[in-house]
Amino acid sequence: TPPKKDLSPEPEPTKIAPATAAKPKASPNMRTDDATPVKKYFEWQGFKIGLQYLPFQQRHGKTLMVGYGWVANTKGADGMAADCYLCPNPTNKLFVVEQMINGEFDEEKFIVGAQSVDHARAVYLGAMPADFMGQVREVSLDYLAKLYIN
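As the structure is a prediction and not an experimental result, all values here were calculated from the model.

*Asks:* Got a minute to help me understand the side chain of T36 in this structure?
*Replies:* Summarising the element assignment, T36 is placed in the segment before β1 (40-44). Within polar-contact distance, the side chain of T36 engages the side chain of Y53 at 2.9 Å. Each residue touching T36, except ones within four places of it in the same chain, is listed here: Q52 and Y53.

What follows is the structure, encoded as structure tokens:
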């Protein structure tokens, strides 16, 4: 028999005041706010995604295997648009990584179109240090839609 799906409600997206959000210490290879212009826009499941970095470009000293940017018209825990990684040939699945800085919650990073939780972890770890990765879980599109702003 197929495994039973957990029908418990999803937690609300994490929201913290920008002033209390832990920020990484500045280094030559990492900016605490990324003002890189959008290179390409994509539509995915009704969401508009602006990619600042395309696959195979450098970010934080690493070569990305996926695109990186933000979801338009959203507001994440840091007060800016929700950040996301966009997988090539994306599935209809959505995952969220709770990013941790110095052991404290920083913000959520969405992994758009990964095949599984393990794939979402690999995408994140391909771009960020392992000690930044908190919980990783699959979420519904409604979870991301709750971050929409007018």
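Once the structure has been displayed, the description carries forward.
*Asks:* Could you clarify how one ought to interpret the packing of aromatic side chains in this entry?
*Replies:* Within a pair of aromatic rings, the relevant descriptors are the distance that separates the centres and the angle that separates the planes. Counting across every chain of the model gives seven aromatic pairs. Summarising the aromatic geometry, the rings of F47 and Y148 are spaced 5.6 Å apart at their centres and angled 10° between planes, so their arrangement reads as stacked. Here F47, found in strand β2 (residues 47-53), pairs with Y148, found in the segment after α2 (141-145); they are 101 residues apart in sequence, far enough to count as distant. A connected cluster of aromatic rings, assembled from ring pairs, spans Y53, Y68, Y85 and Y124. One residue, K39, lies across the ring of Y53, its end atom 5.3 Å from the ring centre. A cation over an aromatic ring shows up here: R59 above the ring of Y68, its NZ or CZ 3.7 Å from the ring centre.

About the criteria used
- Along every chain, residues carry numbers that run from 1 in the direction the sequence is written.
- The predicted origin of the model limits local features to residues at a pLDDT of at least 70 and limits the giving and counting of side-chain atom pairs to 80 or more, whereas totals for whole chains, interfaces and linings rest on all residues.
- As a rule here, side-chain values come from all non-hydrogen atoms in the structure, and water together with hydrogens is ignored.
- Put simply, DSSP marks the helices as runs of H or I at least four residues long and the strands as runs of E at least two long, and each gets a number from the N terminus on.
- Here a polar contact is recorded for every N or O atom pair within 3.5 Å, except that within protein the pair must consist of a potential hydrogen donor and a potential acceptor, and residues adjacent in sequence are included only if both atoms are side-chain atoms.
- Only heavy atoms matter for contacts: two residues are in contact if any of them lie within 4.5 Å across the pair.
- Aromatic contacts are taken between Phe, Tyr and Trp rings whose centres are within 6.5 Å, Trp giving its six-membered ring; a plane angle under 30 degrees counts as stacked, one over 60 as edge-to-face, and the others as tilted.
- Note on criteria: charge over ring means Lys NZ or Arg CZ within 6 Å of the ring centre, with the direction from the centre no more than 35 degrees off the ring normal.

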